[in-house]
Amino acid sequence: MSFLGETSSQTIANSRLAFIFPNGSITHNQTGIYFQSPTPTPMRVPNDCSFDTLKRRMHNTLQLTNDQLVDEVYYQQPFVDAGQQYFFKSLQLKNDDDVYTILMCNEQYSCVGPIELLCTIIRPPDAILNLLQSTITPTHDALMYYNGNWKIPRQGEF
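Residues numbered from 1 in each chain as written. Predicted model: local features only at pLDDT ≥ 70, side-chain atom pairs only at ≥ 80, totals over all residues. Heavy atoms only, no water.

### What about the overall build of the protein?
And step 1. The secondary structure content of the protein amounts to 4 helices and 9 strands.
And step 2. The order of α-helices and β-strands along the protein, N terminus first, is α-β-β-β-β-α-β-β-α-β-α-β-β.
And step 3. Taking all 158 residues of the protein together, the buried fraction comes to 31%.
And step 4. Restricting to contacts in the protein with at least 6 residues of sequence separation, those with at least 24 account for 57%.
And step 5. When the accessible surface of the protein is split by element, carbon and sulfur atoms take 52% of a total near 10,500 Å². (Helix = DSSP H or I, 4+ residues; strand = E, 2+ residues; numbered from the N terminus. Buried < 20%, exposed > 50% of the residue type's maximum accessible area, 1.4 Å probe, protein only. Contact = heavy atoms within 4.5 Å. Areas by Shrake-Rupley, 256 points an atom, 1.4 Å probe, with all protein chains shown as cover.)

Structural data, given as structure tokens:
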């Protein structure tokens, strides 16, 4: 999985290891927060990555369909308290500056491991409607409201 014009060894040197937790959950414990998901998915984040590129790479890595979108992205951000203990907080990524923050934190706190990203996956409204229309079985039964009364007509009575 090398980037355009790079060899695999260049890709490793010019990127960071990350794990994606798709549709996972954020859990709180004594060290702050951690992400939970059935199976985290590994991917590489280029050192010069933009927010749009990150979301696109997550979409491709997770092999999402065209009617699925990566919506919200959260980062498990490490920090050190006054007692020199490591803790984690959740940072929602919204722009290129937030992606720069995760890359700098990963460099500064390299001892805490790879980048961990939790994302929510959604379907746009049109895709939901198309999915519903393709799964609804046609029926001739209807419920009608007429003159203050509900009426369930028999089949063929329209």
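### Notes on the environment of Ala18
And step 1. Relative to the helices and strands, Ala18 resides in strand S1 (residues 15-22).
And step 2. Sequence spacing of Ala18 and Arg44 is 26 residues, and the spatial spacing of their C-alpha atoms is 5.9 Å.
And step 3. Residue contacts for Ala18: discarding those within four places in its chain leaves Thr41, Pro42, Met43, Val45, Ile115 and Leu117.

### Describing the pairing of strand S5 (residues 69-80)
And step 1. Across 5 bridges, the pairing between S5 and strand S7 (residues 115-122) is antiparallel. The residue of S7 that forms the bridge with Leu69 is Ile122.
And step 2. Of the strand pairs in this sheet, S5 and strand S6 (residues 86-93) are connected by 8 bridges, and their pairing is antiparallel. Its bridge partner being in S6, Phe79 is matched across the sheet by Phe87.
And step 3. Counted between consecutive antiparallel strands, the loop separating S5 from S6 contains 5 residues, among which Gln84 sits at a positive phi close to 60 degrees. (Pairing = 2+ DSSP bridges.)

### Structural notes on the pattern of salt bridges
And step 1. Applying the stated criterion across every chain yields a total of 2 salt bridges.
And step 2. Of the charged contacts in the structure, one is a salt bridge between Glu107 and Arg16, with a shortest N-O distance of 3.1 Å. Placement of the pair is Glu107 in helix H3 (residues 96-108) and Arg16 in strand S1, with a sequence separation of 91 residues.
And step 3. We classify Glu107 as partly exposed; its relative accessible area is 48%.
And step 4. For Arg123, the salt bridge goes to Asp67, with nearest N and O atoms at 3.0 Å. Of this pair, Arg123 sits in the loop between S7 and helix H4 (125-135) while Asp67 sits in the loop between helix H2 (51-61) and S5, placing them 56 residues apart in sequence. (Salt bridge = Lys/Arg side-chain N within 4 Å of Asp/Glu carboxyl O.)

### Describing a nonpolar patch on the surface
And step 1. Judged by side-chain polarity, Ile128, Leu129 and Leu132 come together as a nonpolar surface patch covering roughly 260 Å² of accessible area.
And step 2. Locating Leu132 in the fold gives a position in helix H4. (Patch = residues over 30% accessible without salt bridge, like charges linked within 9 Å, V, L, I, M, F, W, Y side chains within 5 Å.)

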